[in-house]
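# Topology and contacts: notes
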Amino acid sequence: MSNTIGVIGLGVMGSNLALNMANKGEQVAVYNYTRDLTDQLVERSQGQAIHPYFEIQDFVQSLETPRKIFLMVTAGKPIDSVIQSLMPVLEAGDIIMDGGNSHYEDTERRYEELKSKGIGFLGIGISGGEVGALKGPSIMPGGDKEVYEKAAPILTKIAAQADNSPCCVYIGPKGSGHFVKMVHNWIEYADMQLITEAYTFLKDRLNLSVHEIADIFDTWNQGELNSYLIQITADILRKKDELTGLPLIHVILDKVGQKGTGKWTSIQAINNGIPSSIITESLFARYLSSLKEERLTAESILADPDMNKQPLDKELWIEYVRQALYMGKVCAYTQGFTQYKMTSELYGWDLPLMDIALIFRGGCIIRAEFLNIISETYQKQPKLANLLLSPYFAKKAQDYQSGLRKVLCEGINAGISFPCLSASLTYYDSYRTGTSNASLLQAQRDYFGAHTYERNDREGIFHTEW
């Protein structure tokens, strides 16, 4: 029997995806550059249809045609190296799928190179971490539609399911699948940072215990804030450290890592003039966290606010924090979907915004209850310029902006840093301001650089001899 699909790269994600495919009835050929990971996967597979190969030629020849090869290899040069090793043994019509976190521009380059040789190439965003890879991730495939259709029966089978629909949909041409995943990761950065800021206010200003805050997050997860990240935050806050008996959160060093996708997305947004302040602030917060030694020095030198912190009504302020968090999340997702919309128009991708929201409902890290509302919004208003303009989110902003303003004012007076909550309110206030202070900026530019300006009372381009 020929194998129906092959997986190259058997780290945690690759091996779990291979097991997922085998669990769904596929005959899976597997190959890894080093033999140890292959042997570990075979041992885990316990008789499932996982077929190991130790030479790339034997691996390729074991696959039914057109061959479908899924790469789960480190992004960058390793992807190019594997593709180069495959080319001598592939035939026209075969398909390579890159399921790693590749930059979408690299995907477009590989797409063009392989297309010229008759090889189909799909750049596939995969979200869900190791559990999602095994049990069903959110899948974002980009490339030629006819190539996707050949791989779709397997991809939709291994994807997460939400409301009996696979969390996998054709995204668009060339590198659009990896672009959608890239921005997904960017939204994830902001969502996580917003949650940490809400946690900080509850801990530092309301003086709540970690256990009390875990209960609050559990309660929030039963309502409109229902999401994977809210759920795992409650779990994290309840975890005890086996060495000290303290809450584990109290012994984890406050230095955050990042793998580059957030940076890529911010750079892309800046290059194309797309407002991205909230999510970019979440990236800068991670950079600032890495300056641990400097921050410890600064803590001993720089003064905190001289503020007499009066006790607050806890129940009332917990509700304000809930409103602030929801408002911040709405603004962050708005910026993410605005980047999808504006980039889609710029590149002619015709990204299916309604479907993108739907496939994020299961498997992926940012799965959340209100993605259903985002999807319904784009279904009703496919040309909507900004999610904040929809009736549902405009009403939420009307109802919740006061809570966000109160939390920011109280927290800032207490010396709490709110990079993403404050950016959310600034974005909201800037976007709703029909006449802004940009006129003064234009005047300054014209004064020192003769950059000219437009007028609001007549057509034309003007310059003033200041």
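Everything here concerns the structure above.
Residues numbered from 1 in each chain as written. Predicted model: local features only at pLDDT ≥ 70, side-chain atom pairs only at ≥ 80, totals over all residues. Heavy atoms only, no water.

### Examining the overall build of the chain
In plain terms, the rule: The secondary structure listing takes helices from DSSP runs of H or I that are at least 4 residues long and strands from runs of E that are at least 2 residues long, numbered from the N terminus. We take the radius of gyration over the C-alpha atoms and set the globule estimate at 2.2 Å times the residue count to the 0.38 power. Any residue under 20% of the maximum accessible area for its type is buried, any over 50% is exposed, and the rest in between are partly exposed; the area is computed with a 1.4 Å probe on protein chains only. Here a residue-residue contact requires only that any non-hydrogen atoms of the pair lie within 4.5 Å. All accessibility values rest on the Shrake-Rupley procedure with a 1.4 Å probe; residue burial counts only the protein chains present in the view. Only four residue types enter the tally: Lys and Arg on the positive side, Asp and Glu on the negative side, with His and both chain ends excluded. Charge coordinates come from a single atom per side chain, which is NZ of Lys, CZ of Arg, CG of Asp or CD of Glu.
Looking only at helices and strands, one finds 19 helices and nine strands in the chain. A globule of 466 residues ought to have a C-alpha radius of gyration of about 23 Å, and the chain, at 25 Å, matches this closely. Across the 466 residues of the chain, 50% fall into the buried class. Summarising the internal contacts of the chain: among those between residues at least 6 apart in sequence, 69% fall at separations of at least 24. Carbon and sulfur atoms provide 52% of the accessible area of the chain, an area that totals close to 22300 Å². Taken together, the 44 basic and 55 acidic charged side chains of the chain have centroids lying 2 Å from each other.

### Let's talk about the pairing of strand β2 (residues 28–31)
Going by this rule: The pairing criterion for strands is at least two bridges between them, as found by DSSP. Seen with the strands pointing away from the viewer, any crossover whose path from the first strand over the helix to the second strand runs clockwise is right-handed.
Burial of β2 is two-sided: the residues Val28 and Val30 facing one way and the residues Ala29 and Tyr31 facing the other way are all buried. Summarising the sheet, strand β1 (residues 5–8) and β2 pair through four bridges and their orientation is parallel. Bridged to glycine 6 within β2 is alanine 29. Read from β1 through helix α1 (residues 12–23) to β2, the crossover connection turns out right-handed. As paired strands, β2 and strand β3 (residues 50–52) are joined by three bridges and run parallel to one another. Residue alanine 29 lies in a different strand from β3, and its bridge partner there is histidine 51. A crossover connection joins β2 to the parallel β3 through helix α2 (residues 35–45); in handedness this β-α-β unit is right-handed.

### Quick look at the side chain of serine 344
Spelled out, the test is: N or O atoms closer than or at 3.5 Å make up a polar contact, with two conditions inside protein: a donor-capable atom paired with an acceptor-capable one, and, for residues adjacent in sequence, both atoms drawn from side chains.
Turning to its location among the elements, serine 344 is positioned in helix α14 (residues 314–347). Given a relative accessible area of 9%, serine 344 falls into the buried group. Among the polar contacts made by the side chain of serine 344, one reaches the main-chain amide nitrogen of aspartate 350 at a distance of 3.0 Å. Those residues in contact with serine 344 that lie beyond four places of it in its chain are Trp349, Asp350 and Leu351.

### What to know about the nonpolar core
Put simply, the test is: We define the nonpolar core as a collection of buried residues of types Ala, Val, Leu, Ile, Met, Phe, Trp, Tyr and Cys that are connected through side-chain atoms lying within 4.5 Å of one another. Each domain's extent is set by a domain assignment, obtained either automatically or from a database.
Leu202, Phe217, Phe337, Tyr340, Phe360 and Ile374 are the most contacted members of the largest nonpolar core, which has 83 residues in total. Looking at which domains feed residues into this core, each of domain 1 (5–170) and domain 2 (181–432) supplies at least three. One finds Leu17, Leu41, Ile158 and Tyr170 within the second-largest nonpolar core, a separate group that totals 31 residues.

### Quick look at unusual backbone geometry
Cis geometry is found at the peptide bond from threonine 65 to proline 66, where omega equals -10°. Position of proline 66 relative to the elements: it lies in the loop between α3 (56–61) and β4 (68–71). Even without being glycine, lysine 174 reaches a positive phi, approximately 50°. Among the residues examined, lysine 174 registers a relative accessible area of 32% and is labelled partly exposed. Phi is positive for threonine 452, close to 70°, though the residue is something other than glycine. Locating threonine 452 in the fold gives a position in the segment after α19 (438–449). Here threonine 452 falls in the partly exposed class, since its relative accessible area comes to 27%.

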